[in-house]
Structures are given as structure tokens and as C-alpha cells.
Amino acid sequence: MSKVINWTQYFMGVAKLSAYRSKDPNTQVGACIVNNDNKIVGVGYNGLPWGCEDSEFPWQVREGELYETKYPYVVHAELNAILNSTGNLKGCRIYVSLFPCHECVKAIIQSGISEIIYEDDKYNGTDSDRAAKRMLEAAGVKYTKVEPFVIEVK
Ligand SMILES: Nc1ccn([C@H]2C[C@H](O)[C@@H](COP(=O)(O)O)O2)c(=O)n1
Ligand SMILES: [Zn+2]
């Protein structure tokens, strides 16, 4: 019999596939926004803004001057998905491979997205993560962790 995946696996699968487009050598993140009709209305991954060549900007992590790291330049997956989206996001869900940072959470709340579904939370307990959850709880935006899944093809 053919394998059928559920909606969560499907949309998280799209988010994770999108992550493979990221040039970040350390952390690839993907996001997929879905409306109440289960239609995909935006996808994104972490990458540089338009016109900023991957080969001309740094990809280093936290050592040295901020200017020489990736952090001031990278657009996060969730923000890219919001910016790439079509139409009103009120009541939509966002599927992300990694729990959003505090900056993306601000954009998620302001865009009207009402639920976050995520798989990884490697920054759990950091100040950014705690601030993100504090804002989500105040704003009444739900967040749900799902277990990673593997599709077996026979
Ligand atoms: N929810 C998230 C968290 C992080 N990102 C991006 C930003 C960077 O490209 C990378 C994190 O870098 P690290 O310090 O883990 O090497 O992931 C995102 O898009 N969404
Ligand atoms: Zn972020």
C-alpha cells in the first residue's frame, strides 16, 4: 500500500525541504505558512537579502566582530516566509524546522499568525527563546513541538 503522510508531516516536510536552500553552513532553517484551508501561502529559508551575494558576505558564527559574522546580514526563515507570502496571514499557522527567535516572533505576532508548529528547539532556555515565549504567551499565539519524522519509501 502507498504511504500517506498527514498535514503536519506534509507542511513540516515543505519547511524542511526549503531549509536545504539555505547557504548557512551551520544552521539551515525552513518555514512554511499555511491558511485555514490548508493552502500554503508562504515559504522561506534563512538567507541573505536580495543583491547580497553569498560569496561576498561572511558566514562565520559568534567569534570576533559582529560585522564579520553572518548575524547582521541573514534574513531568518520565518521573516522570509512572511515577506514572501501572499495576502492576509490572520489565523494562519507557521511550520518551522527550528523554534523562532524573539525578532521573528515579533513579526509572527504582528502578521496575525495564530500558531507555530516546530520541530527543533536547540536554543531552548536562552534569553532570546525566553523572550520569544513570553511574547507568544502574552499575545495568545499557540506553539506546539512535533517529533521529527522519517518517510520510509518501500
Ligand atoms: N528560528 C530561526 C533561528 C535561526 N535562524 C537562522 C539565523 C542564522 O542563519 C542561523 C542561526 O545561526 P547559528 O547561530 O545557529 O549558527 O539560523 C532562522 O532562520 N530561524
Ligand atoms: Zn528569527
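Scoring rules and cut-offs
- Residues numbered from 1 in each chain as written.
- Chains lettered and ligands numbered in written order.
- Predicted model: local features only at pLDDT ≥ 70, side-chain atom pairs only at ≥ 80, totals over all residues.
- Heavy atoms only, no water.
- Donors = N, O, S within 2.8 Å, 3.2 Å for Na, K, Ca; no water.
- Buried < 20%, exposed > 50% of the residue type's maximum accessible area, 1.4 Å probe, protein only.
- UniProt positions renumbered as here; feature names shortened; annotations may be inferred.
- Helix = DSSP H or I, 4+ residues; strand = E, 2+ residues; numbered from the N terminus.
- Contact = heavy atoms within 4.5 Å.
- Core = buried A, V, L, I, M, F, W, Y, C linked by side-chain atoms within 4.5 Å.
- Near = heavy atom within 4 Å.
- Polar contact = N/O pair within 3.5 Å; in protein donor to acceptor, adjacent residues only side chain to side chain.
- Areas by Shrake-Rupley, 256 points an atom, 1.4 Å probe, with all protein chains shown as cover.
- Pairing = 2+ DSSP bridges.
- Right-handed = clockwise from strand over helix to strand, strands pointing away.

1. Comments concerning the coordination of the zinc ion (ligand 2)
- Those donors, His-76 (ND1), Cys-101 (SG) and Cys-104 (SG), are the protein atoms that reach the zinc ion (ligand 2), and they lie 2.0 to 2.3 Å from it.
- Taken in chain order, the donor set of the zinc ion (ligand 2) reads H-x24-C-x2-C. When sorted by exposure, Cys-101 lands in the same class as Cys-104, which is buried.

2. Brief notes about the UniProt feature "binding site: Zn(2+)" (unreviewed entry) in the chain
- Per the UniProt record, "binding site: Zn(2+)" (unreviewed entry) is found at His-76, Cys-101 and Cys-104. These annotated residues cover 29 residues of sequence, and their C-alpha atoms lie no more than 8.8 Å from one another, placing them together at a single site.
- Mapping His-76 onto the fold places it in the loop between β2 (40-45) and α2 (77-83).
- You can call His-76 partly exposed: its relative accessible area is 32%.
- Dropping the residues within four chain positions of it, His-76 is found in contact with Tyr-45, Asn-46, Cys-101 and Cys-104.
- Within the secondary structure, Cys-104 is located in helix α3 (residues 102-111).
- Exposure remark for Cys-104: the relative accessible area of 4% places this residue in the buried category.
- Setting aside anything within four residues of it in sequence, one finds Cys-104 in contact with His-76, Glu-78 and Leu-79.

3. Some words on the nonpolar core
- Ranked by internal contacts, the top residues of the largest apolar core, which has 22 residues, are Ile-33, Ile-82, Leu-89, Ile-94, Ile-113 and Ile-116.
- Among residues more than four places away in sequence, those in contact with Ile-113 are Ile-33, Ile-82, Leu-89, Cys-92, Arg-93, Ile-94, Ile-108 and Val-141.
- Of all hydrophobic cores here, the second largest spans eight residues; its members include Phe-11, Cys-32, Val-34 and Ile-117.

4. Examining the site of ligand 1
- Around ligand 1, a shell composed of 19 residues is seen, among which Asn-26, Thr-27, Tyr-71, Glu-78 and Tyr-123 lie nearest.
- Within the contact set of ligand 1, a nitrogen atom lies 2.6 Å away from a side-chain nitrogen or oxygen of Glu-78.
- In the model, an oxygen atom of ligand 1 is placed 2.3 Å from a nitrogen or oxygen of the Tyr-123 side chain.
- Protein chains shield 96% of the accessible area of ligand 1, which is 470 Å² for the free molecule.

5. Considering the pairing of strand β3 (residues 93-98)
- Taken across its six residues, β3 has six buried, putting it largely inside the fold.
- As judged from the four bridges shared by strand β1 (residues 30-34) and β3, these two strands associate in the antiparallel manner. Bridge pairing in β3 places Ala-31 opposite Val-96.
- Relative to strand β4 (residues 115-120), β3 runs parallel, the two being bridged by five bridges. Across the sheet, residue Arg-93 finds its bridge partner in β4, namely Glu-115.
- Between β3 and its parallel partner β4, the chain crosses via α3, and the hand of that crossover is right-handed.

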